[in-house]
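Descriptive structure summary
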Amino acid sequence: DAKTTQPPSMDCAEGRAANLPCNHSTISGNEYVYWYRQIHSQGPQYIIHGLKNNETNEMASLIITEDRKSSTLILPHATLRDTAVYYCIVRVPPFMAGGGADGLTFGKGTHLIIQP
Amino acid sequence: KAGVTQTPRYLIKTRGQQVTLSCSPISGHRSVSWYQQTPGQGLQFLFEYFSETQRNKGNFPGRFSGRQFSNSRSEMNVSTLELGDSALYLCASSLFDRERGYTFGSGTRLTVV
C-alpha cells in the first residue's frame, strides 16, 4: 500500500468545518483513498472512500486533487463528538485485481480536537 | 441491524496461558479481519479470512492464529501469552465483493499479567 502523510494533530472550533489533509504522493492508479476515525477506546469507524472524484455522504466530504497525490476530508459542521483520531489509508479494494488481502494499514493519523 | 460483536470485552490472563477471542460479523459479511492495537505500535493487521480461508497474515509470530467458520464467525487464538500481548484486539467485517468499508467491533481488551 502507498504511504500516507497526515499532520499529527489539529484543532477546530465547534460548528466550523474541519478540513483534514492527507498526502499520498505515491498512490497508484487503482488505489482508493479511505478515511476512518477512531474515537477513544472504540473500534475504528469507516467514514468515506473515493478513487478520483469528490465524494459526499452523510458524515463527510472527500476532496481528491486532480493528480490524486493528496486529499482532504471535510467535516462540514464539527461537533465535540467528532474529536477522534482520523486515519487516511490508500489501498486497492480486495475485490479488484491485485486487491489487498493484507487488511488496512493504519498510520498514526491526525488527532482532531474540536474546541467548544 | 446488529454490528460486529466481539466477546469477551475484557480478559485478564497469566503469562504462558492461551486465549481465544470470538468475533461475529455483520450478517451477510463474509470477510473478517483482525487487528492488534497497542500504544506503542498502533493498529496492526493480524490476519484476514474470507470463506473460511486465511487470505493473508500480518507480521506476527506463529503463536497468533485464527480461523473462520462456515457461518463467517471467526476466532483468534494466542498461545503462550507474553506481557507484550496485552492489547486491544479488534475484529472487522466487510462485504468483500463491494466496497462499503470495514465495520469494526468494540474490541477485546486483553491484559496479560
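The structure this text deals with has already been given above.
One structure accompanies this document, and this report is about it. Computed from a prediction, not measured in an experiment: that's the story for all the values here.

**What to know about the overall build of chain A**
A tally of regular secondary structure across chain A gives zero helices and nine strands. Counting helices and strands in the order they occur from the N terminus, chain A gives β-β-β-β-β-β-β-β-β. Over its C-alpha trace chain A gives a radius of gyration of 14 Å, about what one expects of a compact globule, namely 13 Å for 116 residues. Based on the C-alpha atoms only, the size of chain A along its principal axes is roughly 45 × 30 × 25 Å. Intrachain contacts of chain A at a sequence separation of at least 6 include 59% that bridge at least 24 residues. Looking at chain A as shown, the accessible area adds up to about 5,800 Å², and 50% of this sits on carbon and sulfur atoms.

**Let's talk about the pairing of strand E8 (residues 84-91) of chain A**
Residue and element names in this part refer to chain A. Of all eight residues in E8, seven are buried, a share of seventy percent or more. Inspection of the sheet shows strand E3 (residues 32-38) paired to E8 by seven bridges, in the antiparallel sense. When the bridges of E8 are listed, Trp-35 appears paired with Cys-88.

**What to know about the sheet that holds strand E2 (residues 18-23) of chain A**
All names here are of chain A. A sheet is described by the order of its strands in space; here four strands give the open sequence E2-E7-E6-E5, paired in antiparallel fashion. Two strands in the sheet have a free side with no partner beyond their single neighbour: E2 and strand E5 (55-56). As paired elements, E5 and strand E6 (residues 61-64) share two bridges and run antiparallel to each other. The residue bridging Thr-56 from the neighbouring strand is Ser-61, located in E6.

**Considerations on the pairing of strand E8 (residues 74-78) of chain B**
Residues and elements named next belong to chain B. Burial of E8 is extensive: five of the five residues sit out of reach of the surface. Going residue by residue along E8, you find Ser-74, Met-76 and Val-78 tucked away on one face and Glu-75 and Asn-77 tucked away on the opposite face as well. As paired strands, strand E3 (residues 19-24) and E8 are joined by five bridges and run antiparallel to one another. Within the sheet, the bridge partner assigned to Cys-23 lies in E8 and is Ser-74. As paired elements, strand E7 (residues 64-68) and E8 share five bridges and run antiparallel to each other. From the neighbouring strand, Ser-65 faces E8, where its bridge partner is Asn-77.

**Quick word on the layout of surface pockets**
Reported here for the largest pocket is a volume of approximately 540 Å³. Lining the largest pocket are 22 residues, with Gln-38, Val-85 and Tyr-87 of chain A together with Gln-37 and Thr-38 of chain B sitting closest to its centre. Listing elements by their share of the lining of the largest pocket, those giving two or more residues are E8 of chain A together with strand E4 (31-38) and strand E5 (42-50) of chain B. Top element by residues in the lining of the largest pocket is E8 of chain A. It accounts for three residues. Broken down by class, the residue content of the lining of the largest pocket amounts to eight nonpolar, 12 polar and two charged.

**Re the state of the cysteines**
Covalent bonding between the sulfur atoms of two cysteines defines a disulfide. All names here are of chain A. On inspection of all chains with the given rule, the structure shows two disulfides over all chains. The disulfide that involves Cys-22 links it to Cys-88, with 2.1 Å between the sulfurs. Between Cys-22 and Cys-88 the sulfur-sulfur dihedral comes to about -80°; the bridge is accordingly left-handed. One end of the pair, Cys-22, is in strand E2; the other, Cys-88, is in strand E8, and 66 residues separate them in sequence. The pair formed by Cys-22 and Cys-88 is uniform in burial state, with each residue classed as buried.

Here is what the cut-offs are and how they apply
- Residues numbered from 1 in each chain as written.
- Chains lettered and ligands numbered in written order.
- Predicted model: local features only at pLDDT ≥ 70, side-chain atom pairs only at ≥ 80, totals over all residues.
- Heavy atoms only, no water.
- Helix = DSSP H or I, 4+ residues; strand = E, 2+ residues; numbered from the N terminus.
- Rg over C-alpha atoms; globule rule 2.2 N^0.38 Å.
- Contact = heavy atoms within 4.5 Å.
- Areas by Shrake-Rupley, 256 points an atom, 1.4 Å probe, with all protein chains shown as cover.
- Buried < 20%, exposed > 50% of the residue type's maximum accessible area, 1.4 Å probe, protein only.
- Pairing = 2+ DSSP bridges.
- 1 Å grid on protein atoms, 1.4 Å probe; cavity = no way out; pocket = protein on both sides within 12 Å on 5 of 7 lines; lining within 4 Å.
- Points joined across faces, edges and corners; volume = space filled by probe spheres on them.
- Nonpolar A, V, L, I, M, F, W, Y, C, P; charged D, E, K, R; others polar.
- Disulfide = S-S within 2.5 Å.

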